[in-house]
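What follows is each chain in one-letter form.
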Amino acid sequence: MSISNNLLSKQVNNFESNWEDLGIKIDKIAVDLIWNQWAYLGSMARPTSDHQTLRIIDPEALVLASVAFQSSERRISEILDWWAGIGTPLLSVQRMKAMAKKTDGSRMDLFVDFARLASQYGHRSWLKYSALENVEPVEIQNSELLLKGCPSLLLRLRAAFGVGAKADIIALLMGTSGSEVTVSTISTHLNYTQKATRDSLKEMAMSGIVRESSSRPATYSTNRKPWLELLQPGDLGHRHYPKWTMWTALFGFLIAAQSICLAAVSKDLNGYLVASYARDLVESHLSAFEYHDVFVPDGREYPGLEYQQAFSQVIENLERWAKSGN
């Protein structure tokens, strides 16, 4: 074999090895985020650190991510079993279905897997999505949800006012620094249609729960302080405002990023296609990274296979953000 061929073979091996290392890192980031969120909902999970977070949990995004990464941590499957039994009534079937369609092209398998699990615990509204004809219900464990503090805010609002766009909109408005938000932005963050979002906002504006601006396009906001006094007296949330987090986009990125790494290691795609898909994935999530101050290198400085370096930097910056709790 010539020297040039030896160098090329070494580059290919390093390329595959780097993607394998990235896949391991992505797994760890996702599992830690998933585990810590379940710890706030009364599951068997215990936080991996003593650091408290203000990030609001998005339950549908959490469930989809848990299904996607359960093979990386066996205990996540046990938590999904627990949640399917007692937490499913606080989930939106249609919202999770819409989110699964947008994840990694379309990951309806994640939605179907949980629908099957929920159906086994007797939640009939999920049965038609489960690919099962009929099921023998499993007995639900005697356990209670723990809905306290900032992370569980959205679920607490659903428990109080029902599962639907209005409770989710209040959670988002409370978590966006009291700023005014457009219908389009709310619709994108929550994965509801713009019509459903607009109709809900109009009705809440009539009640005075939210404020509608006179500008065009109209923007909406809410007074966060009374909500926090009502929902979270005496705990962390009473002293600090919760933070809306784009979990749909961030978990979706991690799921797709893991798929890219697996394709690179298994050689299902050649190196240039892998790098191209990684570039497209990052670019399609730029708004989420910007929203959370996750720095993204300028892709123009990393042509072709070199984009792996930029992708690696994005993963490292996302890991830093995840650990910060901010």
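Residues numbered from 1 in each chain as written. Predicted model: local features only at pLDDT ≥ 70, side-chain atom pairs only at ≥ 80, totals over all residues. Heavy atoms only, no water.

A. Highlighting the overall build of the chain. Each helix and strand in the chain was counted, giving 15 helices and three strands. Here the chain holds 326 residues, and the buried ones make up 51% of them. Counting contacts in the chain only where the partners sit at least 6 residues apart, residues at least 24 apart contribute 70% of the total. Split by element, the accessible area of the chain, about 15900 Å² in all, is 51% carbon and sulfur. (Helix = DSSP H or I, 4+ residues; strand = E, 2+ residues; numbered from the N terminus. Buried < 20%, exposed > 50% of the residue type's maximum accessible area, 1.4 Å probe, protein only. Contact = heavy atoms within 4.5 Å. Areas by Shrake-Rupley, 256 points an atom, 1.4 Å probe, with all protein chains shown as cover.)

B. A look at the confidence of the model for the chain. In the predicted model, the chain carries a mean pLDDT of 87, and 88% of its residues have values of at least 70. Helix α2 (residues 59-69) holds the highest mean pLDDT among the elements of the chain, 97, whereas helix α11 (residues 236-239) holds the lowest, 51. (pLDDT = per-residue confidence, 0-100.)

C. Geometry of empty space enclosed by the protein. Under the defined criterion, the tally for this structure stands at one cavity of 30 Å³ or more. Volume-wise, the largest cavity comes out at about 50 Å³. For the largest cavity, the full set of lining residues is A61, L64, A65, M99, T103, W247, T248, F251, G252 and I255. Residue contributions to the lining of the largest cavity peak at five residues, all from helix α12 (residues 247-266). Here the residues of the lining of the largest cavity are counted per class, giving seven nonpolar, three polar and no charged. (1 Å grid on protein atoms, 1.4 Å probe; cavity = no way out; pocket = protein on both sides within 12 Å on 5 of 7 lines; lining within 4 Å. Points joined across faces, edges and corners; volume = space filled by probe spheres on them. Nonpolar A, V, L, I, M, F, W, Y, C, P; charged D, E, K, R; others polar.)

D. Region of the structure containing the side chain of R107. Residue placement: R107 occurs in the loop between α4 (93-102) and α5 (108-120). Classification of R107 by relative accessible area gives buried; the value is 19%. A polar contact is formed between the side chain of R107 and the side chain of D109, at a distance of 2.8 Å. Setting aside residues no more than four positions away along its own chain, R107 makes contact with A100, I255 and S259. (Polar contact = N/O pair within 3.5 Å; in protein donor to acceptor, adjacent residues only side chain to side chain.)

E. The environment of S259, seen in detail. Along the polypeptide, S259 turns up in helix α12. Each C-alpha atom of the pair S259 and G23 lies 8.5 Å from the other, and the pair is 236 residues apart in sequence.

F. Focus on helix α8 (residues 183-190). All buried positions along α8 are accounted for by V183, I186, S187, H189 and L190. Viewed end-on, α8 has its buried residues packed into an arc of 165 degrees, placing them on one side of the element. After α8 finishes, the residue N191 shows a positive phi value of roughly 65 degrees. (Arc of directions from axis to C-beta.)

G. Expanded view of the pattern of salt bridges. One pass over the structure, following the stated rule, counts 16 salt bridges. Salt-bridge contacts for R107 lead to D104; the nearest nitrogen and oxygen are separated by 3.9 Å. Measuring nitrogen to oxygen at the nearest pair gives 2.8 Å for the salt bridge that ties D168 to R158. In this pair, D168 sits in helix α7 (residues 165-174) while R158 sits in helix α6 (residues 153-161), placing the two residues ten residues apart along the sequence. Judged by relative accessible area, D168 falls into the buried class, the value being 0%. (Salt bridge = Lys/Arg side-chain N within 4 Å of Asp/Glu carboxyl O.)

H. View of the sheet that holds strand β3 (residues 219-221). Read from one edge of the open sheet, three strands run β1-β3-β2, paired in antiparallel fashion. This sheet does not close on itself; its edge strands, each paired only once, are β1 (181-182) and β2 (211-212). Looking at chain direction, β2 and β3 are connected through two bridges and run antiparallel. If you follow E212 over to β3, its bridge partner there is Y220. (Pairing = 2+ DSSP bridges.)

I. Structural view of the nonpolar core. Formed by 100 residues in total, the largest nonpolar core has its most connected members in W38, F114, F253, L254 and F311. The element that contributes the greatest number of residues to this core is α12, accounting for twelve residues. (Core = buried A, V, L, I, M, F, W, Y, C linked by side-chain atoms within 4.5 Å.)

J. Examining helix α9 (residues 194-207) more closely. The end-to-end C-alpha separation of α9 is 20 Å, in line with the 20 Å expected for 14 residues at 1.5 Å each. Within the sequence span of α9, burial applies to T197, S200, L201 and M204. The arc that holds every buried residue of α9, seen down its axis, measures 100 degrees, which confines them to one face. Away from its buried face, by an angle of more than 90 degrees, α9 presents the exposed residues K195 and M206. Next to the buried residues of α9 lie α7, α8 and β3. (Expected span 1.5 Å × (residues − 1).)

K. Representation of the packing of α8 against α9 in the model. Between α8 and α9, whose axes approach to 9 Å, the crossing angle comes to 120 degrees. Relative to α9, the crossing made by α8 is right-handed. Within the contact between the two elements, α8 uses V183, S184, I186 and S187 and α9 uses Q194, T197, R198 and L201. Class assignment of the residues belonging to the contact of α8 with α9 gives a composition of three nonpolar, four polar and one charged. (Axes fitted to C-alpha atoms, helices over the stretch in contact; angles between N-to-C directions. Left-handed = near helix turned anticlockwise from the far one by under 90°.)

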